[in-house]
Amino acid sequence: MISPKKPTNEKQRLDELYSYQILDTAIEQSFDDITKIAAQICDSPISLVSLIDQDRQWFKSHHGLDVSETPRDLAYCAHAIHSPQDLLEVSDAFKDERFHDNPLATGAPHVRFYAGAPLVSSSGYALGTLCVIDHQPKSLTEGQKEALWALSRQVSALLELKKSNRILEETRVAQSQTEQTFRDRLERIGDMVYELDPKGKFIYVNPVLIRISGFPEDELLNMHFSELVYESDIERVTEYYIRILKNKEVSSYLEFKMKGVNGPVWVGQTVEIEFDDWQGVHIYGVARNIQELMEARDRMEKSEEKYRWLSEYSADMICLHEPDGRYKYLSSSVKDLLGYEQDELIGVSLYDLIHPDLIKSQVDVKSLNEYGFSGIESRLRKKDGSYVWVEFYAKPIYNEKQEVVSIQSSTRDISKRRKFDEAIQRAMRLAENAKQEAIASAKAKENFLSTMSHEIRTPLNAILGVTNLLLMEELEQKHLDHLNLLKFSGENLLSLINDILDYNKIESGKIDFEKVDFNLREVLINLKQSVMPEVDKKGLELVLNYDEQLPNMFVGDSVRITQIINNLLSNAVKFTEEGFIKLDISLIERKGSVAQIRFEIHDTGIGIASANQSVIFENFAQASDDTTRKFGGTGLGLAITKKLLLLMGSKISLDSELGYGSIFYFDIELPIGNELEALPDTKSGSSVFESVADRDIHILVAEDNRANQIVLEKFLQKWGMKVEFVENGRLALERSKIECYDLILMDLQMPEMDGYQATQEIRKLSTTYGQNLPIIALTASALLDVRKKVKELGMTDYITKPFNPEELYKKILKNAGKVLKRLVSPINDPISLRLHELSEGDPDFKKELTQHYLDQYEGFMSSFSKAMKELDEKMLKEACYGIKTSNEVLEYTALDQVIESAQQAMLGQGISKEQSIEEATKAYESITATLRDILSHEL
């Protein structure tokens, strides 16, 4: 067997084939009809429309053969395309050295006879063949050959027709979108806009014309333009536009009266005409309502003397000018404004008085004559040589021949207004400076709190961490008492820090409320258990009453609700020396899926005097100095509670009497959650801190504080985890490149490279591991901005120092191992899923497909870069056409925008060539990294 060689123009031939977008399309009757006719004419059981792809021949139609493609190396048609003008006939494959041992001849479908007429494109490339096949040796008659040729030309014509129809449809859609965008813009402008056909009938009118004319749109679209012209002007308008059309003037302007819903309306109309020898004319008009202007002009022309008389009593300087700007009349106020007598300026040009810095930029004779102007600020020279700030209004006055015969102007002294405006600007600058100083002050305050939080929490983390470790050991009671006191003091200090930070977050408006399912009953039980040691110590009774009508599960911010109730409950315990404390939770009303709930905290403590009941909710306030000395505290707890409830749409209320205890209560509305979440977990009854050594969890800790390293090492080793330490983010990045970890615990503030930078660099690694490796931030800052930044930079979660051992344990188990599962199962990637689908689960075929598309993208990037750099438009077009099919098959869209903008970039429009290459490179590196990753897992 002799394998077919590839034509010398193979690349161009393939690009031509791909431009038809016919490969892998559905069966079509029009092609099947041709193969059936070919089989009948040539008396052959099999007839095919075969298209020769890079590594295969694909059948658009396969009559008598139940396969859709075969390898190109075995294809008879791959030989036929070498000579586009000749029909290839193989009378007996067994006697032909090219095919005698071809598997398609020796085995199914037993191709002994073959005849193929090339399918030649309009550019002369052989894309494939229309062929007939038989299991027995034979030859075609001349008539059969001519018929096969004729049918092959019909197939080529069908392909050209489908391509032309697709291009026409794409063009039509683009044109339709452009027209719609243009019309949408016309709908929004304030002028009347229309379009006329060559006979002068409306074919488009915008809403403004419909509103002013009073005619419905459907009536206007059946009217001639002249039907809207008012009777007194119709002759003049008709003669004017006949002259315009005769002289083929492209642009024109005319003022006339049109028919309006409330009577005639003066309009100023600009008309643009496109003259076309084949299609006649296209007429586009824009008309503006100038009724008020014309009425003012008419009044001025009727009584200039009256105008002069009135102008004498105006504080503004009223003037008439010659068309070239020379004064021919000035009101008496010129004396007050400029210091001149009226007759001194007659014949003097306005332009001689305007400050030279402003005359060229704002006022010129042409604009004054043609359009006039309004509200222009400038400076005029006074008789004493000084300048005064004025505001100009001017408009031309026309005669019946529409010639400018005079110019009316009004000039007003705005010196005081300018001074006022300057004062306002100075005030605004001062206000802006004050604003920036306030922002800087707030930022400095936030940075101070963040720094102090970090500096206090870091050693506190070590203190509480070591304390928790020691409490887990077997110790004597006196040592346990000392450790519990140390833990109690540390947690009180932590509570103080949290109060200050919470207060700062609320004051700056940087507090967010979560909306997650939580078990309210469980939250309250946990709160009760947390204060029971102090309750028992004081010999008090603590009662929790939970309304049985209430469900357990709700949606809301359980942390903030816990904080509010804990503040109130802790205060009740603190200020009660004997008696009881009661926590009542009751349903007020249920509206659909929302419950209104009353929370009440009763105590028999010291009570609060009426005069102090409003004071205790203020910042850093307590009922009295004696209270502070005796019971301690920051005075922030109730202030925070009040502000949190206000943000949640509620308020705190108090009933109390000095010496008789207190009742704090509030109402909040909460959506009811999923009750299934409240079901107890019966799968595990093991200890919270059971060893997980069997899971082989390997953790990298980036932490520069040695005390924190020691604490973390003790806990992690105690839980059966492997741990490795580095002192900064740079070392964490280097280790993550050469070692696979289940999880990284990343401190945020470290020398050389901090945790933020290290995380960003790890996420930039072009590997599935680097992009999905769980990274948990270790932060000594509880500020909301820090937590947001952690999420935005791609960190998986965060833990605030000093950390809670149980929280750390649970978050490690929740996230450890996720990235390794992803590495083992790359099929979850969309590209991998698509390749899996195309290969029908065949791993060898999937590997071949992946390599094929990897080669395609590498070839595209090489050609694209070269084309852009050498400004080779043809090469660019070929590269983009070539990769388009691969993008569609893999459903990869990142290159679509690059391809669309590349040609514009080459022409110097839109983005630059360098930017286009950079964007293409990013998309190329992304897809090729994915394909290589898939290949590595298929080996």
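Residues numbered from 1 in each chain as written. Predicted model: local features only at pLDDT ≥ 70, side-chain atom pairs only at ≥ 80, totals over all residues. Heavy atoms only, no water.

Further remarks concern the overall build of the protein. Within the protein, the regular secondary structure consists of 32 helices and 28 strands. Out of the 939 residues in the protein, the part that is buried amounts to 44%. A sequence separation of at least 24 residues applies to 61% of the contacts in the protein between residues at least 6 apart. Total accessible area on the protein is roughly 49,400 Å²; 51% of this is exposed by carbon and sulfur atoms. (Helix = DSSP H or I, 4+ residues; strand = E, 2+ residues; numbered from the N terminus. Buried < 20%, exposed > 50% of the residue type's maximum accessible area, 1.4 Å probe, protein only. Contact = heavy atoms within 4.5 Å. Areas by Shrake-Rupley, 256 points an atom, 1.4 Å probe, with all protein chains shown as cover.)

Pairing within the open sheet is antiparallel, and its six strands lie in the order β3-β2-β1-β6-β5-β4. Of all the strands in the sheet, the pair left with one neighbour each is β3 (69-71) and β4 (88-90). Strand-to-strand twist across the sheet, computed as the mean angle between neighbouring axes with direction ignored, equals 25°. The sheet strands contacting helix α2 (residues 29-41) are β1 (46-52), β2 (56-63) and β6 (126-134), and the helix crosses β2 at an angle near 80°. (Pairing = 2+ DSSP bridges. Axes fitted to C-alpha atoms, helices over the stretch in contact; angles between N-to-C directions.)

Turning our eyes to something else, we now look at a negative patch on the surface. Where like charges cluster on the molecular surface, the negative patch consists of D55, D73, D842, D844, E848 and D855. Along the polypeptide, D73 turns up in the loop between β3 and α3 (77-80). On the accessibility criterion, D73 (48% relative accessible area) is partly exposed. (Patch = residues over 30% accessible without salt bridge, like charges linked within 9 Å, V, L, I, M, F, W, Y side chains within 5 Å. Salt bridge = Lys/Arg side-chain N within 4 Å of Asp/Glu carboxyl O. Lys, Arg positive; Asp, Glu negative; His and termini not counted. Charge placed at Lys NZ, Arg CZ, Asp CG, Glu CD.)

What follows deals with the side chain of S121. Topologically, S121 is positioned in the loop between β5 (113-120) and β6. Residues in contact with S121, not counting those within four places in the same chain, are E16, Y20, L127 and E160.

On the surface, F420, I424 and M428 cluster together to form a nonpolar patch covering roughly 300 Å² of accessible area. Looking at the secondary structure, you find M428 in helix α15 (residues 415-471).

Consider a sheet: its strands pair through backbone hydrogen bonds, and that pairing is either parallel or antiparallel. With respect to topology, five strands assemble into an open sheet ordered β18-β20-β21-β23-β22, the strand pairing being mixed. Since the sheet does not close on itself, it has two edges, and those belong to β18 (541-546) and β22 (653-656), each with one partner. Across the sheet, the mean angle from the axis of one strand to that of its neighbour is 15°, orientation sign disregarded. Here six bridges tie β18 to strand β20 (residues 580-591), and the two strands are oriented parallel to one another. When the bridges of β20 are listed, E541 appears paired with F580. Along the sheet face, helix α17 (residues 520-538) touches β18, β20 and β21 (594-603) and points at about 175° away from the line of β18.

Let us look at the confidence of the model for the protein. Averaged over the protein, the pLDDT score is 83; the fraction of residues at 70 or greater is 84%. Averaged pLDDT values for the elements of the protein fall to 45 in helix α19 (residues 625-631) and rise to 96 in β1. (pLDDT = per-residue confidence, 0-100.)

Below, the discussion takes up the environment of S83. In this structure, S83 sits in the loop between α3 and β4. Measuring from C-alpha to C-alpha, the distance between S83 and A117 comes to 9.7 Å, with 34 residues separating the pair along the chain.

As a packed pair, helix α29 (residues 843-870) and helix α31 (residues 896-906) sit with axes 10 Å apart at the nearest point and diverge in direction by 20°. When the interaxial angle is binned, α29 and α31 end up roughly parallel. In this structure, α29 crosses over α31, and the sense of that crossing is left-handed. Between α29 and α31, the residues in contact are F864, A867 and M868 and V898, A902, A905 and M906, respectively. In the contact of α29 with α31, the residues fall into seven nonpolar, no polar and no charged. (Parallel < 35°, antiparallel > 145°, perpendicular 65-115°, else oblique. Left-handed = near helix turned anticlockwise from the far one by under 90°. Nonpolar A, V, L, I, M, F, W, Y, C, P; charged D, E, K, R; others polar.)

In this structure the tally under the stated criterion is 43 salt bridges. The salt bridge involving R98 is made with D96; its shortest N-O contact spans 2.9 Å. Here E752 ties to R730 by a salt bridge, and the two come within 2.7 Å at their closest N and O atoms. Of this pair, E752 sits in the loop between β26 (743-747) and α23 (755-764) while R730 sits in helix α22 (residues 729-738), and the two are 22 residues apart along the sequence. Here R730 falls in the partly exposed class, since its relative accessible area comes to 30%. Each of the salt bridges in this network shares a partner with another, and the network as a whole consists of D24, D53, R56 and E69.

Another point: the environment of S863. As for its placement among the helices and strands, S863 is situated in helix α29. In this structure the C-alpha to C-alpha distance between S863 and E878, which are 15 residues apart in sequence, comes to 8.6 Å.

To continue, consider the UniProt feature "modified residue: 4-aspartylphosphate" (unreviewed entry) in the protein. Per the UniProt entry, the sites bearing "modified residue: 4-aspartylphosphate" (unreviewed entry) are D747 in this numbering. In this fold, D747 is placed in strand β26. The class of D747 is buried, set by a relative accessible area of 1%. Beyond its immediate chain neighbours, meaning those up to four positions away, D747 contacts A702, E703, D704, G755, L778 and K801. (UniProt positions renumbered as here; feature names shortened; annotations may be inferred.)

Only one face of strand β23 (residues 662-671) is covered, namely the one carrying S662, F664, F666, I668 and L670; the face carrying I663, Y665, D667, E669 and P671 has none of its residues buried. Two strands pair when backbone bridges link them, and β21 and β23 are joined in this way by 10 bridges, in the antiparallel orientation. Note on β23: the bridge partner recorded for D603 is S662. The loop that links β22 with its antiparallel partner β23 comprises five residues; one of these, G659, has a positive phi angle of about 90°.

A separate point is the pairing of β26. Within β26, five of the five residues are buried, leaving the element largely enclosed by the surrounding structure. What you see with β26 is no split at all: L743, L745 and D747 on one side and I744 and M746 on the other are buried throughout. Both strand β24 (residues 698-702) and β26 contribute to a ladder of four bridges, which runs parallel. Bridging across to β26, I699 finds its partner in L743.

Quick look at helix α18 (residues 558-574) now. Spanning 17 residues, α18 covers 23 Å between terminal C-alpha atoms, matching the ideal 24 Å at 1.5 Å per step. In terms of burial, α18 is largely enclosed, as 12 of its 17 residues are buried. Three or more residues of α18 are buried, namely S558, R560, I561, Q563, I564, I565, N567, L568, L569, N571, A572 and V573. Residue D557 occupies the N-cap position of α18, its side-chain oxygen lying 3.2 Å from the main-chain nitrogen of R560. (Expected span 1.5 Å × (residues − 1). Polar contact = N/O pair within 3.5 Å; in protein donor to acceptor, adjacent residues only side chain to side chain.)

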